[in-house]
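Single-letter residue listing:
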Protein chains: 2
Amino acid sequence: MINEIEVIKTKNSKINEVDFSNLKFGSVFSDHMLECDFKDGKWQAPKVVPYAPISLDPAAKIFHYGQSVFEGMKAYKDADGNVLLFRPIDNVKRLNISSKRLAIPEIPENYFMDGLKTLLEVDEAWIPTQDGSSLYIRPFVFASGAGFHASPANEYKFIIATAPSGAYFSGEVRVLIEEKYSRSANGGVGYAKAGGNYAGQFYPTQLAIEKGYQQVIWTDDNTHEYIEEAGAMNIFVRINDTLITGPTSDRILDGITRKSIIELAESENINVEVRPLKVAEVVEAAKNGSLKEMFGAGTAAVISPISGFGYKGDDFELPKLEDTYASFLKKRITDIQTNKVEDPFGWRLQVK
Amino acid sequence: MINEIEVIKTKNSKINEVDFSNLKFGSVFSDHMLECDFKDGKWQAPKVVPYAPISLDPAAKIFHYGQSVFEGMKAYKDADGNVLLFRPIDNVKRLNISSKRLAIPEIPENYFMDGLKTLLEVDEAWIPTQDGSSLYIRPFVFASGAGFHASPANEYKFIIATAPSGAYFSGEVRVLIEEKYSRSANGGVGYAKAGGNYAGQFYPTQLAIEKGYQQVIWTDDNTHEYIEEAGAMNIFVRINDTLITGPTSDRILDGITRKSIIELAESENINVEVRPLKVAEVVEAAKNGSLKEMFGAGTAAVISPISGFGYKGDDFELPKLEDTYASFLKKRITDIQTNKVEDPFGWRLQVK
Ligand SMILES: Cc1ncc(COP(=O)(O)O)c(C=O)c1O
Ligand SMILES: Cc1ncc(COP(=O)(O)O)c(C=O)c1O
């Protein structure tokens, strides 16, 4: 148990330079960060320090072998000034699941949670209160130990940095269902939030953007017949009144928003099916009019309605409905996150 | 065209601290490195600078999204003091193939080659001359631009660092043929030398090491029935007198050693087959005695004979032959690399 986290405060707060009424996503960073080093075979005591450049040996393994994992969370401030997190223990556990797959030493849960609480205390003023804004929290771990041998490093850094943020997407989201490229392999690292999973998506996503889409929907690498997930969101499809999402697997990130949406929808008596979802079924439903909605779900993007999709050269439009599951569920989840309603699930954690 | 590369020399050479008669692989680094920044939409002029820590914003995308690629090459010094590279243009081209897949801007070939030549001139004294030693060269590119948005960075660093090195493996190499984990997906980044491909192998390799093997032989992620490659080597199998290696694909690195070995073997009238290779065929050949050799081929490991393999709980031993293809081909290729024999292929490049 750590009782007290050492805090070294910055002498030059940047907070007055920030326009909180006009925040982009993840591009201005708060004054402090949590820093914790793994060396001599163990995680050293975490510290809150000024947000500042990191100095690394050119042979540090992060540069060569992609040994890194991360998380994404948000802190909210309610009308009474309470500071709230959403299911944070699930992020800690998932970070360690990712770390294990990448041969990175797991971080003690209390180092993470006590460190994060202290960081939020120190940078509390950075938590935006505007509707739709929040403090995006980025915990990450990477290999800082050096060597040109393709093997795990012996030193690592765990950092939590934060960024007051607005919406992840601006404007409508059209997606391309991928037929050629893939995000992950059976037996690979797709279920981990490993850095390399993201870089691998950039080029196919650029190709999709050139064709007028914002995101790629990944399909399985073997047949490209099944819908997997998007770059940073799990995918839900509504056919008639049933909400469908694919099962998680070793290729797919087990999203915290996804599982919360499933629980929320079921508690509202929406019929939810978690089962393999064929692209052909979605195309067929689009053609016969039973496809009502598609949306992505993730911490950064919350719930993002999809306005249309491309597949094998054809484009399909989603109907513009009045009352959507997406808007209903988005309101339910953000109301719980921001303490506007009761939280029957016990998901909210008040840290101040 | 760059005519002259700026050189800033170190004031504190570390060369006298190095025991050149007892070099490990890739763990001591030469005095200088080549450094080149991509910013404002283009690669700036490369410079040779002292080998020194790199300072990065905590939000630099290398830490979060694994956007990085690298190469591995060697410089040799012959008896007359000539400095030699082996097919270096193929490394430059492959670096750019990798970069393209990872949405990293491609580096101009002359920045790479002129920069490398200047670096080798400055650090010439670091090139070991002992048999089996060489100067290992590590070119790499990574995302230095900052932001918590999963999209390509707008700034990158290209660095070439070098390390006087001995053998990659010490002792015999036993391999485990993988049945569960995978290295790469169809449509993925397996053919690129992307950082993330390596981190993903560490955990399965650790499990193999715990069982008494040194390396994993990867199989296809769909059926696990076909042999792909090892962690940092392509794989050759000799059945009777035929040398067999799998075809390259978007899952497999197109190794420069591999293709040189194929050409060398063919020029020596060894029968070579490049075709899908089933694990079952290798197991069958091991059982009936027609399996004569297995070896890995790569720049770091050169040619590494495999002494045995595990598969589905069974262990198979390779025979201990007197005259092996592995030792014959290893001598041929290293003799060419180190200028002990003629080079009918035009592979060697003398840079001094
Ligand atoms: C690949 C991927 N899928 C899904 C998600 C959604 O997960 P969560 O809801 O836990 O943020 C994310 C983002 O975290 C992601 O990176
Ligand atoms: C995955 C992988 N396969 C094969 C090789 C061998 O390639 P090369 O002979 O070009 O060094 C390497 C090393 O570079 C590698 O990393």
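Residues numbered from 1 in each chain as written. Chains lettered and ligands numbered in written order. Predicted model: local features only at pLDDT ≥ 70, side-chain atom pairs only at ≥ 80, totals over all residues. Heavy atoms only, no water.

Turning our eyes to something else, we now look at the pattern of salt bridges. Overall, the coordinates contain 42 salt bridges over all chains when judged by the stated rule. Of the charged contacts, one joins Glu124(A) and Lys77(A) as a salt bridge, the two residues approaching to 3.4 Å between their closest N and O atoms. Taken as a pair, Glu124(A) in the loop between α3 (109-122) and β9 (134-143) and Lys77(A) in strand β7 (residues 73-77) lie far apart in primary sequence, 47 residues in all. Residue Arg332(B) pairs with Glu268(B) through a salt bridge whose shortest N-O separation is 3.0 Å. Of the two residues, Arg332(B) is situated in helix α7 (residues 325-337) and Glu268(B) in the loop between α5 (256-267) and β16 (271-274); the sequence distance between them amounts to 64 residues. A residue is classified by how much of its surface remains accessible, and Arg332(B), at 19% relative accessible area, is buried. Owing to a relative accessible area of 31%, Glu268(B) belongs among the partly exposed residues under this scheme. Among the charged side chains, a network of salt bridges with common partners joins Arg87(A), Asp90(A), Lys259(A) and Glu263(A). (Salt bridge = Lys/Arg side-chain N within 4 Å of Asp/Glu carboxyl O. Helix = DSSP H or I, 4+ residues; strand = E, 2+ residues; numbered from the N terminus. Buried < 20%, exposed > 50% of the residue type's maximum accessible area, 1.4 Å probe, protein only.)

Rotating chain A by 180° about the axis while translating it 0.0 Å along that axis superimposes it on chain B, leaving an RMSD of 0.0 Å. Such values leave the two copies arranged in the relation of a two-fold axis. A symmetric contact is evident, with 100% of the interface residues of chain A recurring at the interface of chain B. (Least-squares fit on C-alpha atoms with pLDDT ≥ 70 in both. Contact = heavy atoms within 4.5 Å.)

In this section: the packing of aromatic side chains. Residues and elements named next belong to chain A. Applying the stated criterion across every chain, the model contains 46 aromatic pairs over all chains. Taking 5.3 Å as the distance between ring centres and 15° as the angle between the ring planes, the aromatic pair formed by phenylalanine 236 and phenylalanine 295 counts as stacked. Taken together, the residues phenylalanine 236 in strand β14 (residues 234-239) and phenylalanine 295 in strand β17 (residues 291-298) connect sequence positions 59 residues apart. Phenylalanine 295 gets classed as buried once you look at its relative accessible area, which sits at 0%. In this arrangement the basic side chain of arginine 238 is found over the ring face of tyrosine 325, its NZ or CZ atom lying 4.0 Å from the centre. (Phe/Tyr/Trp six-rings, centres within 6.5 Å; stacked < 30°, edge-to-face > 60°. Lys NZ or Arg CZ within 6 Å of the ring centre and 35° of its normal.)

A few words on the UniProt feature "modified residue: N6-(pyridoxal phosphate)lysine" (unreviewed entry) in chain A. Residue and element names in this part refer to chain A. Mapped onto this structure's residue numbering, the UniProt feature "modified residue: N6-(pyridoxal phosphate)lysine" (unreviewed entry) falls at Lys193. Within the secondary structure, lysine 193 sits in the loop between β11 (173-177) and α4 (195-210). Of the residues examined, lysine 193 reaches a relative accessible area of 10% and is grouped as buried. Sequence-distant contacts of lysine 193, defined by excluding residues within four places in its chain, comprise Ser68, Val69, Phe70, Glu71, Gly72, Arg94, Ser98, Tyr198 and Leu253. (UniProt positions renumbered as here; feature names shortened; annotations may be inferred.)

It is worth spelling out the site of ligand 1 at this point. Residues and elements named next belong to chain A. Near ligand 1 lie 16 residues; those nearest to it are Lys193, Tyr198, Glu229, Thr257 and Thr299. The contact in question runs from an oxygen atom of ligand 1 to an N or O atom on the side chain of threonine 257, over 2.6 Å. Taking 380 Å² as the accessible area of ligand 1 by itself, protein coverage stands at 97%. Residues of the shell around ligand 1, tallied by class, amount to six nonpolar, six polar and four charged. (Near = heavy atom within 4 Å. Polar contact = N/O pair within 3.5 Å; in protein donor to acceptor, adjacent residues only side chain to side chain. Areas by Shrake-Rupley, 256 points an atom, 1.4 Å probe, with all protein chains shown as cover. Nonpolar A, V, L, I, M, F, W, Y, C, P; charged D, E, K, R; others polar.)

On to the interface of chain A and chain B. Contacts between the two partners involve 58 residues from chain A and, on the opposite side, 58 residues from chain B. Between the two partners, chain A and chain B, sit 25 residue pairs in polar contact (both at pLDDT 80 or more). Secondary structure elements with two or more residues in the side of chain A that touches chain B: β5 (54-56), α1 (61-65), β6 (68-70), α2 (88-101), β9, β10 (156-165) and α4 of chain A. The greatest single-element share of the side of chain A that touches chain B, amounting to nine residues, is contributed by α4(A).

Let's shift gears to the site of ligand 2. All names here are of chain B. Taken together, 16 residues form the shell around ligand 2, and within it Lys193, Tyr198, Glu229, Thr257 and Thr299 come nearest. Take glutamate 229: an N or O atom from its side chain is 2.4 Å from a nitrogen atom of ligand 2. Threonine 257 places a side-chain nitrogen or oxygen 2.5 Å from an oxygen atom of ligand 2. Considered on its own, ligand 2 offers 380 Å² of accessible surface; in the complex 97% of this is hidden by protein. Residue assignment for the shell around ligand 2 shows that the elements contributing at least two residues are α5 and β17 (291-298). Grouping the constituent residues of the shell around ligand 2 by class yields six nonpolar, six polar and four charged.

Bringing helix α7 (residues 325-337) of chain A into the picture now. All names here are of chain A. Between its terminal C-alpha atoms α7 stretches 18 Å, which fits the 18 Å expected from 13 residues at 1.5 Å a residue. Within α7, the full set of buried residues consists of Tyr325, Ala326, Leu329, Arg332, Ile333, Asp335, Ile336 and Gln337. Asparagine 339, located one to two residues past α7, shows a positive phi value of around 65°. (Expected span 1.5 Å × (residues − 1).)

Further remarks concern the packing of α5(B) against α7(B). Residues and elements named next belong to chain B. One can describe the packing of α5 onto α7 by two numbers: an axis separation of 10 Å at closest approach and a directional angle of 110°. With respect to α7, the axis of α5 lies roughly perpendicular. Of the residues in α7, those in contact with Thr257, Ser260, Ile261, Leu264 and Ala265 of α5 are Leu329, Arg332, Ile333 and Ile336. Residue composition of the contact of α5 with α7, grouped by class: six nonpolar, two polar and one charged. (Axes fitted to C-alpha atoms, helices over the stretch in contact; angles between N-to-C directions. Parallel < 35°, antiparallel > 145°, perpendicular 65-115°, else oblique.)

Residue and element names in this part refer to chain A. Each domain of chain A was delimited in the assignment, giving domain 1 (6-165) and domain 2 (173-337). The centre of domain 1, based on its C-alpha atoms, is set 27 Å off from the matching centre of domain 2. Contacts between the two partners involve 20 residues from domain 1 and, on the opposite side, 22 residues from domain 2. Summing the contributions of domain 1 and of domain 2, the shared interface buries around 1800 Å²; its carbon and sulfur component is 60%. Among the residues domain 1 hides against domain 2, the three largest losses belong to Phe86, Arg94 and Arg101. Together they make up 34% of the total. On the surface where domain 1 and domain 2 come into contact, there are two salt bridges. Of the charged contacts, one joins glutamate 263 and arginine 87 as a salt bridge, the two residues approaching to 4.0 Å between their closest N and O atoms. (Domains from an automatic or database assignment. Buried area = accessible area lost by both parts, 1.4 Å probe.)

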